[in-house]
Protein chains: 2
Amino acid sequence: MYKSEFRKPDGRALTLYGVKPVELAGEVPSPSPEPVEARPVLRWHPVRGEWVMYAAHRLNRTFMPPPEYNPLAPTRDPHNPTELPAGRYDMAVFDNRFPSLVLDAPAPEPVPGVQGRGGVGKCEVVVFSQDPQGTLGGLPPEQVRLLLDVWADRTGVLGADPRIHSVLPFENRGVEVGVTLHHPHGQIYAYDHIPPVQARALETMRAYRQEHGRPWLEDFVRGERAAKLRIVRDHGAALSVVPPFARYTYETWVLPTRPAAFLHELSEAERDALAAALKDALLRLDALFGVRMPYLLTVQQAPVDGAAYPEWPLRVEIFPYLRAPGRMKYLAGTEQGAGEFANDKLPEAAAQELRSLNPQEVSP
Amino acid sequence: MYKSEFRKPDGRALTLYGVKPVELAGEVPSPSPEPVEARPVLRWHPVRGEWVMYAAHRLNRTFMPPPEYNPLAPTRDPHNPTELPAGRYDMAVFDNRFPSLVLDAPAPEPVPGVQGRGGVGKCEVVVFSQDPQGTLGGLPPEQVRLLLDVWADRTGVLGADPRIHSVLPFENRGVEVGVTLHHPHGQIYAYDHIPPVQARALETMRAYRQEHGRPWLEDFVRGERAAKLRIVRDHGAALSVVPPFARYTYETWVLPTRPAAFLHELSEAERDALAAALKDALLRLDALFGVRMPYLLTVQQAPVDGAAYPEWPLRVEIFPYLRAPGRMKYLAGTEQGAGEFANDKLPEAAAQELRSLNPQEVSP
């Protein structure tokens, strides 16, 4: 992996990554020379016991720009700058122009009745390709593999800041779920605390290890391989599986077959297997209904707070939003009001469908 | 409140409620005479530490029927039966024909790698009106008031079963969030355990009371009345407020101004005030952008497991899904992957907008 770091005219950081050495063919651009003016705040939700992020400057963020303007494409005309320069690179990471969290967030003015503080953290955009038409699953294998290295690198860079305790790389895909830019890209949120989903997983995984004397993931992988019911494809050092407790109909987890806290802990061979499993899983979801499946993909790593998490089950969780052709899964009363999901199909049946498919790209 | 109980031809229960005595004008119908064949199961999610419901029979549930068939309208032609009879009544409650949970759910066949059990509970449909075009907020005040009594009655009826530990009445509204029947109606889920959102609130509210010596709600109401920043309308014994920690842009809580575990604990006067506050809040959300606001409404009561919950903050939580005209809030990476919400607007600004409106009905 090659990596070069730059500074945009508005002060934001840009990092270019490539399988070959990075070469610029123009200036590093920014859509606007104005520095980002973000003063995000966090407020405490006393009933749910969690933080809520407020970023009032985000309401006017880019929304469905016309096709002739793609801020994630390389800049062709310096008078019409995008977020990225022309040149030789495969992926790019830059500070989000509309961040929900910033490292130097100031303490907000006190507001009566509010338990608030500055929204300290970082929001990055990860551009997966120079090709605006592509998809993550459709990228060449070496580029999917590169993305694992990029996610690992960002986790390390962000986690090196003592203010950052948790890093979440993710991809939202699909106009059905409000994605405003179709150029293949993801995001990274870095938090100055451990957010609720991660905190809960730490609790459950520690309790499992205390009770059983070994990490949950070991038993899970052994059990899934023995059951042969829900593994979509086994790549040896990594596999894809519809977990027996899937909340989304075609929910797919892509994971190394040993416990790991971070992507950067994995060997080259393990990352190769994980990349192959990820590409295969994403193409199967597209092939399932013959449409580009809208989904949320998250990379679930352990906290970057310096503690050791030997029981952590590193995994890529993919939540596909279609539960049948043309039928979206919506989070309704039981999911949002009670926190308990209803799923219309047993994971064994969903896995059987995904296994039987020929993984392939589909047109937009 | 008047109430009459019936049995449908397929064996499901039907209860009719009215502000006047209920009178049938025909047989009690069912769209099909076939008994419901539901074998829902619960599976344990070991990483999130929560149950997931599987109801494979639900995948083929009614989806966008043609306008001439409305299963929630009173039956006009006995050869074309709906869920409800003709007659004099204002609201109806019946067992969901596609339940995610049933009281007599059998233990499922063991599946390798699965920690599962029968999906014990109950799912009911609540029809708010005989008028298929209406909305909850647009109902006459006495009918909104009746709904509080109906919710209170159902909570009591369901909670009287020793298998039921938690009851969640809710309304999903809006084709934008997958609602398939436009006739004004809600649902009730009754669980045989305390689901995650309620469990978390029990923890936080108990901890608050232990630390401060009084229920959180007392401090909250006092603080909001003093701050005068986020109360949408104060009805004395009840009020509506954009909570200072709102996760949705126009999130509105409608609540009695003293702690209460259940609707049935409230006095007649308190229920009058709560109904007035609820109607007013819903009409403001419709008036906000001049469209029927898609939303999730949940009634957050304490567990019905027989324990006392003196610190419980009874409330109706309304999550409006539009964050701006034509712009939906989608739950993306941070919300689903981390459990932490990003909101584009401060609650003080949202409350100011809602306060300035003239609450009114809007056409569909």
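Residues numbered from 1 in each chain as written. Chains lettered and ligands numbered in written order. Predicted model: local features only at pLDDT ≥ 70, side-chain atom pairs only at ≥ 80, totals over all residues. Heavy atoms only, no water.

Caption draft 1: Geometry of the interface of chain B and chain A. Every contact between the two is made by 78 residues of chain B and, on the other side, 78 residues of chain A. Counting the surface lost from both chain B and chain A, the interface buries some 6,700 Å², and carbon and sulfur atoms represent 56% of this. At the boundary of chain B with chain A, the tally comes to four salt bridges. Ionic pairing is found between arginine 247 of chain A and glutamate 50 of chain B, a salt bridge with its closest N-O pair at 3.8 Å. (Contact = heavy atoms within 4.5 Å. Buried area = accessible area lost by both parts, 1.4 Å probe. Salt bridge = Lys/Arg side-chain N within 4 Å of Asp/Glu carboxyl O.)

Caption draft 2: Molecular detail of the relation of the copies chain B and chain A. Mapping chain B onto chain A is achieved by rotating through 180° and translating by 0.0 Å along the same axis, at an RMSD of 0.0 Å. Considering both components of the superposition, the chain copies are consistent with a two-fold axis. Closest to the rotation axis within chain B is the C-alpha of leucine 331 of chain B, separated from it by 4.5 Å. Mapped onto chain A, 100% of the interface residues of chain B are again interface residues, and the two copies thus contact each other with one and the same surface. (Least-squares fit on C-alpha atoms with pLDDT ≥ 70 in both.)

Caption draft 3: Region of the structure containing the sheet that holds strand β19 (residues 341-343) of chain B. Sheet architecture is open: four strands sit in the order β8(A)-β4(A)-β5(A)-β19(B), paired in mixed fashion. This sheet does not close on itself; its edge strands, each paired only once, are β8 (116-118) of chain A together with β19 of chain B. Going from strand to strand, the sheet's axes swing by 30° on average, the running direction of each strand aside. By the bridge criterion, three bridges tie strand β5 (residues 50-54) of chain A to β19 of chain B in an arrangement that is parallel. (Pairing = 2+ DSSP bridges. Helix = DSSP H or I, 4+ residues; strand = E, 2+ residues; numbered from the N terminus. Axes fitted to C-alpha atoms, helices over the stretch in contact; angles between N-to-C directions.)

Caption draft 4: Just unusual backbone geometry, in detail. All names here are of chain A. In the Ramachandran plot, lysine 228 falls in the positive-phi region, its phi being about 55° despite a non-glycine side chain. Among the structural elements, lysine 228 can be located in the loop between α3 (216-227) and β12 (231-234). Lysine 228 gets classed as exposed once you look at its relative accessible area, which sits at 63%. (Buried < 20%, exposed > 50% of the residue type's maximum accessible area, 1.4 Å probe, protein only.)

Caption draft 5: Summary view of helix α6 (residues 347-355) of chain A. Among all positions in α6 of chain A, only Pro347, Glu348, Ala350, Ala351 and Leu354 of chain A are buried. Buried positions in α6 of chain A, seen along its axis, are confined to an arc of 160° and lie on one side of it. Along its buried surface, α6 of chain A packs onto β12, β14 (252-256) and α4 (268-289) of chain A together with β4 (41-45) and β5 (50-54) of chain B. (Arc of directions from axis to C-beta.)

Caption draft 6: Local environment of α4 of chain A. All names here are of chain A. Here α4 is 22 residues long and its end C-alpha atoms lie 33 Å apart, about the 32 Å a rise of 1.5 Å per residue gives. The buried fraction of α4 is high, at 17 of 22 residues. One or two positions beyond α4, positive phi appears at glycine 290, with a value near 70°. (Expected span 1.5 Å × (residues − 1).)

Caption draft 7: View of the UniProt feature "domain: Galactose-1-phosphate uridyl transferase C-terminal" (unreviewed entry) in chain A. Feature annotation in UniProt assigns "domain: Galactose-1-phosphate uridyl transferase C-terminal" (unreviewed entry) to the following positions: residues 203-358 of chain A. Segment residues 203-358 of chain A splits into 38% helix and 21% strand. End C-alpha atoms: 38 Å apart. (UniProt positions renumbered as here; feature names shortened; annotations may be inferred.)

Caption draft 8: Focus on the packing of helix α1 (residues 141-159) of chain B against helix α4 (residues 268-289) of chain B. Residues and elements named next belong to chain B. With their axes 9 Å apart at the nearest point, α1 and α4 run at an angle of 115° to one another. Of the two elements, α1 crosses α4, and the hand of that crossing is right-handed. Of the residues in α4, those in contact with Pro141, Val144, Arg145, Leu148, Asp149, Trp151 and Ala152 of α1 are Glu268, Arg271, Asp272, Leu274, Ala275, Leu278 and Lys279. Residue classes in the contact of α1 with α4 are distributed as eight nonpolar, no polar and six charged. (Left-handed = near helix turned anticlockwise from the far one by under 90°. Nonpolar A, V, L, I, M, F, W, Y, C, P; charged D, E, K, R; others polar.)

Caption draft 9: Structural context of the side chain of histidine 193 of chain A. Counting through the fold element by element, histidine 193 of chain A comes out in the loop between β11 (185-191) and α2 (196-212). Within polar-contact distance, the side chain of histidine 193 of chain A engages the side chain of glutamate 340 of chain B at 2.7 Å. Excluding residues within four positions of it along the chain, histidine 193 of chain A makes contact with Leu42, Trp51, Arg117, His165 and Ser166 of chain A together with Glu340 of chain B. (Polar contact = N/O pair within 3.5 Å; in protein donor to acceptor, adjacent residues only side chain to side chain.)

Caption draft 10: The arrangement of the domain arrangement of chain A in detail. All names here are of chain A. We note that the domain assignment places domain 1 (2-195) and domain 2 (197-355) within chain A. Each partner contributes residues to the interface: domain 1 has 32 residues there, and domain 2 has 34 residues. When the two sides are added together, the surface that domain 1 and domain 2 hide from each other amounts to roughly 2,800 Å², 60% of it contributed by carbon and sulfur. The three residues of domain 1 that bury the most area against domain 2 are Arg145, Leu148 and Arg173, which together make up 24% of that side's buried surface. On the surface where domain 1 and domain 2 come into contact, there are four salt bridges. The residue arginine 271 makes a salt bridge to aspartate 149 at a minimum N-O spacing of 2.5 Å. (Domains from an automatic or database assignment.)

Caption draft 11: Spatial organisation of the pairing of strand β1 (residues 2-7) of chain B. All names here are of chain B. One ladder, built from six bridges, connects β1 with strand β2 (residues 13-18); its direction is antiparallel. In the sheet register, glutamate 5 faces β2, and the bridge partner there is threonine 15. A loop of five residues connects β1 with β2, the two strands running antiparallel in sequence, and glycine 11 in this loop sits at a positive phi of about 95°.

Caption draft 12: Structural detail: the packing of aromatic side chains. Within this structure, the stated rule accounts for 22 aromatic pairs over all chains. A ring pair is formed by tyrosine 189 of chain B and tyrosine 191 of chain B, whose centres lie 6.1 Å apart and whose planes are at 50°; its orientation type is tilted. Ring-pair connections join several aromatic residues into one group, and the members of that group are Trp216, Phe220, Phe245 and Trp253 of chain A. If you follow arginine 43 of chain A out to its NZ or CZ, it ends over the ring of tyrosine 54 of chain A, 5.3 Å from the centre. Sitting above the plane of the tryptophan 253 of chain B ring, arginine 315 of chain B keeps its charged end 5.0 Å from the centroid. (Phe/Tyr/Trp six-rings, centres within 6.5 Å; stacked < 30°, edge-to-face > 60°. Lys NZ or Arg CZ within 6 Å of the ring centre and 35° of its normal.)

Caption draft 13: Main features of the pattern of salt bridges. All names here are of chain A. Tallying each qualifying case throughout the model produces 66 salt bridges over all chains. Notably, a salt bridge pairs glutamate 83 with arginine 12, separated by 2.9 Å at the nearest N-O pair. Highlighted residues: glutamate 83 in the loop between β5 and β6 (87-88) and arginine 12 in the loop between β1 (2-7) and β2 (13-18), separated in sequence by 71 residues. A relative accessible area of 5% places glutamate 83 in the buried class. For arginine 12, a relative accessible area of 4% puts it in the buried group.

Caption draft 14: Inspection of the pairing of strand β12 (residues 231-234) of chain B at higher detail. Residues and elements named next belong to chain B. Bridging between β12 and strand β13 (residues 238-241) involves three bridges; their strand directions are antiparallel. Within β13, the residue paired with aspartate 234 across the bridge is leucine 239. Joining the antiparallel neighbours β12 and β13 is a turn of three residues, in which glycine 236 adopts a positive phi near 85°.

Caption draft 15: Main features of the environment of leucine 229 of chain B. Looking at the secondary structure, you find leucine 229 of chain B in the loop between α3 (216-227) and β12. Apart from residues no more than four positions distant in its own chain, leucine 229 of chain B is found in contact with Val111 and Pro112 of chain A together with Glu224, Glu348, Ala351 and Arg355 of chain B.

Caption draft 16: The arrangement of the side chain of serine 166 of chain A in detail. Structurally, the position occupied by serine 166 of chain A is in strand β10 (residues 166-173). Residues contacting serine 166 of chain A, with those up to four places away along its chain left out, are Tyr189, Ala190, Tyr191, His193, Ile194, Pro195, Gln198 and Val304 of chain A.

Caption draft 17: Molecular detail of the sheet that holds β5 of chain B. What the four strands build is an open sheet, ordered β19(A)-β5(B)-β4(B)-β8(B); its pairing is mixed. At either end of the open sheet lies a strand with only one pairing partner, and these are β19 (341-343) of chain A together with β8 (116-118) of chain B. The mean angle between the axes of side-by-side strands here comes to 30°, regardless of whether they run parallel or antiparallel. In the sheet, β4 of chain B pairs with β8 of chain B via three bridges, with the strands oriented antiparallel. Each bridged residue has a counterpart across the sheet, and for leucine 42 of chain B the counterpart in β8 of chain B is arginine 117 of chain B.

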